[in-house]
Amino acid sequence: MLNNYLIVHKSILPDYYEKVLEARKLMESGKVKEVSQAVKQVGISRSTYYKYKDYLFEPADMAGERKAVLSMMLDHTPGVLSALLRGISEAGASVLTITQSLPIHDMASVTLSLDLSGMTLAMAELVDALAATPGVDNVRLLAME
């Protein structure tokens, strides 16, 4: 999974990448309420924002805590969430939050925020291990700091 990512110095990238990150920060901080306000303030189009918002991340200071947000679909079967959490614990990560939707068509959407500071695996290995858990589908890394 993480082999799809590169670390690139921002000086060689188009300036609108940085503006997408800036617009997302405005939205997340609550300084603006709507995407149209954020993109207008930073000087990009809505289409540029939506095209890149899920693919641009800023590295955080790696000396401190590390966090990640994962999204996945779980079968509505007893023990699936428990097995998923056991895998996270065995990797040395800790769950900060769990958000689970009601199961529809025997599938539930789950979003996890994790503390990775004690993790013994690489993030790609954790994502692969979670995806291999029976009853777990479509594991995606949404954000990481």
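Below or above, wherever it landed, is the structure these notes cover.

What counts and what doesn't
Residues numbered from 1 in each chain as written. Predicted model: local features only at pLDDT ≥ 70, side-chain atom pairs only at ≥ 80, totals over all residues. Heavy atoms only, no water. Pairing = 2+ DSSP bridges. Helix = DSSP H or I, 4+ residues; strand = E, 2+ residues; numbered from the N terminus. Phe/Tyr/Trp six-rings, centres within 6.5 Å; stacked < 30°, edge-to-face > 60°. Buried < 20%, exposed > 50% of the residue type's maximum accessible area, 1.4 Å probe, protein only. Axes fitted to C-alpha atoms, helices over the stretch in contact; angles between N-to-C directions. Parallel < 35°, antiparallel > 145°, perpendicular 65-115°, else oblique. Left-handed = near helix turned anticlockwise from the far one by under 90°. Contact = heavy atoms within 4.5 Å. Nonpolar A, V, L, I, M, F, W, Y, C, P; charged D, E, K, R; others polar. Patch = residues over 30% accessible without salt bridge, like charges linked within 9 Å, V, L, I, M, F, W, Y side chains within 5 Å. Areas by Shrake-Rupley, 256 points an atom, 1.4 Å probe, with all protein chains shown as cover. Salt bridge = Lys/Arg side-chain N within 4 Å of Asp/Glu carboxyl O. 1 Å grid on protein atoms, 1.4 Å probe; cavity = no way out; pocket = protein on both sides within 12 Å on 5 of 7 lines; lining within 4 Å. Points joined across faces, edges and corners; volume = space filled by probe spheres on them.

A short note on the pairing of strand β2 (residues 94-100)
1) Next: For β2 and strand β3 (residues 107-115), the ladder comprises six bridges, and the chain directions are antiparallel. Bridging from a neighbouring strand, threonine 97 pairs with serine 113 of β3.
2) Next: Counted along the chain from β2 to the antiparallel partner β3, the turn is six residues long, and its residue histidine 105 has a positive phi close to 55 degrees.

Structural notes on the packing of aromatic side chains
1) Next: For the coordinates displayed, the defined rule picks out four aromatic pairs.
2) Next: Measuring from centroid to centroid gives 5.6 Å for tyrosine 16 and tyrosine 52, while their planes differ by 35 degrees, and the two rings are tilted. Here tyrosine 52 lies in helix α3 (residues 46-52) and tyrosine 16 lies in helix α1 (residues 15-29), a separation of 36 residues in the sequence.
3) Next: Tyrosine 52 sits in the buried class, given a relative accessible area of 17%.

Quick look at the packing of α1 against helix α2 (residues 35-42)
1) Next: The interhelical angle for the contact between α1 and α2, taken along N-to-C directions, is 135 degrees, at an axis separation of 9 Å. As far as their axial angle goes, α2 and α1 are oblique. The interaxial crossing formed by α1 with α2 has right-handed handedness. In this structure, α1 contributes Lys19, Glu22, Ala23, Leu26 and Met27 to the contact, and α2 contributes Val35, Ala38, Gln41 and Val42.
2) Next: The residue makeup of the contact of α1 with α2, split by class, is six nonpolar, one polar and two charged.

Here's the deal with a nonpolar patch on the surface
1) Next: Together, Leu6, Val8, Ile12 and Leu13 line one region of the surface with nonpolar side chains, adding up to about 400 Å² of accessible area.
2) Next: In this fold, leucine 13 is placed in the segment before α1.

Considerations on unusual backbone geometry
1) Next: The backbone of histidine 105 sits at a positive phi, close to 55 degrees, despite the residue not being glycine.
2) Next: Residue position: histidine 105 is located in the loop between β2 and β3.
3) Next: For aspartate 106, which is not glycine, the phi torsion reads 60 degrees and is therefore positive.
4) Next: Examined against the element boundaries, aspartate 106 turns out to sit in the loop between β2 and β3.

Here's the deal with the environment of serine 36
1) Next: Among the secondary structure elements, serine 36 is positioned in helix α2.
2) Next: Overall, the relative accessible area of 31% leaves serine 36 in the partly exposed class.
3) Next: Along the primary structure serine 36 and leucine 96 are separated by 60 residues, whereas in three dimensions their C-alpha atoms are 31 Å apart.

Examining the layout of surface pockets
1) Next: In this model, the second largest pocket occupies a volume close to 580 Å³.
2) Next: Lining the second largest pocket are 24 residues, with Arg24, Phe57, Leu142, Ala143 and Met144 sitting closest to its centre.
3) Next: Put simply, the parts of the chain that give the lining of the second largest pocket at least two residues each are α1, β1 (67-75), β3 and β4 (136-144).
4) Next: Top element by residues in the lining of the second largest pocket is β4. It accounts for five residues.
5) Next: Partitioned by chemical class, the residues of the lining of the second largest pocket number 14 nonpolar, one polar and nine charged.

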